[in-house]
Amino acid sequence: MKIKLKDTLFGAFKVSAISGLALMTSVTFAFADFNWKRFSGQSITVMMPEHPVTDGVRAVLDNFESDTGIDVKLQTMAEDLYFDRMEVALRGSGGNSQMDVYFLPMDSTAYTQHTNGLVHSLQGYLDSKDHTAADYDLADIPEGFLDATKYMVDGKWQYHGIPASFETYILFANMDHVNQYLDGKMPTSMPELLAAARKVKESSGGTIAGAVMRGIRSDTLIDTITGIVNNSVGSSDRSAPYNVWFTGDWTKPRMDDPDIVRGLTNYAELMKAGPINIQSMDWPDASQYFMAGGAAFFIDASLFAPGFENPEDSPIAGKIGYSVIPVDNDEGQPYTAHWQWGFGIPKNASNADAGWYFIQYMTNKASEPQIGTYHGGAGRLSTWENDSYTSSLNPDYVSATLESMKTVRTSVVPVKDFNKYALEIMDVILRIHGGASSADATAEGNANFNKM
């Protein structure tokens, strides 16, 4: 999912970033066994959309240039324009890309670029002590995040991007409604959440929705849907490229797996507890509806939280409860999915080595907490335990997001035209929402998958 930035939702990042400026002291790396000046005197071009991460990069860019001696030409543009410019720049002219580092959508976009031979593998850098500092600690980044751009190259899995900003899918609750209709009790399991959502809608006479969800027929809902389905499936194998939707073979769809049936049904049941126009709601509509106080519960992107807590824009600021998606599996552990931006290097970059130094610097343990104050979606587990990063965020939001990161799974299915399958998955939900039995709806989905 590519969320377009809206001041009403992301203004809080810009506010909190002001206090973060005090943190922007020089991040000098003085490790005897690693040479940050190795490419001193060289230049790189970095292309990014205007985004809170870009603001954070700007804040530490002088430090990067000073600590490495690498000159950076930062090219930025509006997000809508960026996607077109990115594709043109990747192909470049004369065989060379027009950039050395770019802001990489770590989803089907990255996979398509990989299959077209446009993305540089980062595995060689990650495995090299000469190119990567000993304290970079890749294990500090959840494996589920890294899996989003892990592709098979020459018989080996290789990473092609490093996360820069993510969203997981968590539960938001309007505590005024929870207190009024549910005696202040937050649901801790999915059956409890469904019952609570129905009760709120019923008890309020329909004036308050029990839940609001994205309900529009669109393939872009696949990330949120996968989060809820993952929570029902638990820890079972999601080997690439089949993810949770196939059993090791494209001819073996598993839409009729009982856990997946339950997850898709849960989504449909939450929609039933929603407003009458829920089938016309995409993320802007659903998030604004929740922020206006129209619903008791909302499962969606964690990155909405700082905007919801901004008192200048949000009527429900200070009235929100946060948790992981309530558990719906026998393991008793919450699971979810994510969408993320990352940094990548074009296959034909003119200066890939210095480009990797830029990526490494901007995503290491020293820089990420600083850059993260601008966007609230830092990708390292340690950053979410760092007071300089979390001090401006709601502590319950921090706890819910950190917990979700530990068992997060990628929603990416690296196969051409997966959007067709994603639409069919949404159609299954819509059929259940419309009154079809879960068994019939998922059986039809399985049959349609086989036809594809």
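The shown structure was predicted, so the numbers you read here are calculated from the model rather than taken from an experiment.

### Structural notes on the overall build of the protein
- For the protein, the count of helices and strands is 18 helices and 11 strands.
- A compact globule built from 452 residues would reach a C-alpha radius of gyration of about 22 Å, and the protein, at 22 Å, matches this within 12%.
- For the C-alpha atoms alone, the extent of the protein along its principal axes is close to 70 × 50 × 40 Å.
- Scored against the burial criterion, the 452 residues of the protein give a buried share of 61%.
- A separation of at least 24 residues holds for 76% of the contacts in the protein among residues at least 6 apart in sequence.
- Within the structure as shown, the protein displays about 17,000 Å² of accessible surface, and the carbon and sulfur contribution to it stands at 49%.

### Details of the side chain of Asp-67
- The topology assignment puts Asp-67 in helix α2 (residues 52-68).
- For the buried Asp-67, which has no salt bridge, the nearest side chain bearing the opposite charge is Lys-37, at an N-O separation of 6.3 Å.
- Polar side-chain contacts of Asp-67 include one of 2.8 Å to the side chain of Tyr-361.

### A few points about the pairing of strand β5 (residues 156-159)
- Bridge analysis of strand β4 (residues 150-153) against β5 gives four bridges, and the strand direction is antiparallel. Bridge pairing in β5 places Val-153 opposite Lys-156.
- Once β4 ends, the chain turns through two residues before running back antiparallel as β5, passing Asp-154 with a positive phi of about 50 degrees.

### Description of the packing of aromatic side chains
- Following the criterion strictly, the structure yields 38 aromatic pairs and no others.
- Aromatic pair Trp-36 and Tyr-361: ring centres 5.7 Å apart, planes at 85 degrees, arrangement edge-to-face. Of this pair, Trp-36 sits in the loop between α1 (7-20) and β1 (43-49) while Tyr-361 sits in helix α13 (residues 352-362), placing them 325 residues apart in sequence.
- With relative accessibility at 0%, the residue Tyr-361 sits in the buried group.
- A ring pair is formed by Phe-64 and Phe-358, whose centres lie 5.5 Å apart and whose planes are at 85 degrees; its orientation type is edge-to-face. Residue Phe-64 is found in helix α2, and its partner Phe-358 is found in helix α13; the two are separated by 294 residues along the sequence. We note that Phe-64, like Phe-358, is buried.
- Between the NZ or CZ atom of Lys-150 and the centre of the ring of Trp-157, over which it lies, the distance is 5.7 Å.

What counts and what doesn't
- Residues numbered from 1 in each chain as written.
- Predicted model: local features only at pLDDT ≥ 70, side-chain atom pairs only at ≥ 80, totals over all residues.
- Heavy atoms only, no water.
- Helix = DSSP H or I, 4+ residues; strand = E, 2+ residues; numbered from the N terminus.
- Rg over C-alpha atoms; globule rule 2.2 N^0.38 Å.
- Buried < 20%, exposed > 50% of the residue type's maximum accessible area, 1.4 Å probe, protein only.
- Contact = heavy atoms within 4.5 Å.
- Areas by Shrake-Rupley, 256 points an atom, 1.4 Å probe, with all protein chains shown as cover.
- Lys, Arg positive; Asp, Glu negative; His and termini not counted.
- Salt bridge = Lys/Arg side-chain N within 4 Å of Asp/Glu carboxyl O.
- Polar contact = N/O pair within 3.5 Å; in protein donor to acceptor, adjacent residues only side chain to side chain.
- Pairing = 2+ DSSP bridges.
- Phe/Tyr/Trp six-rings, centres within 6.5 Å; stacked < 30°, edge-to-face > 60°.
- Lys NZ or Arg CZ within 6 Å of the ring centre and 35° of its normal.

On their own, these measurements won't tell you what the molecule is for.
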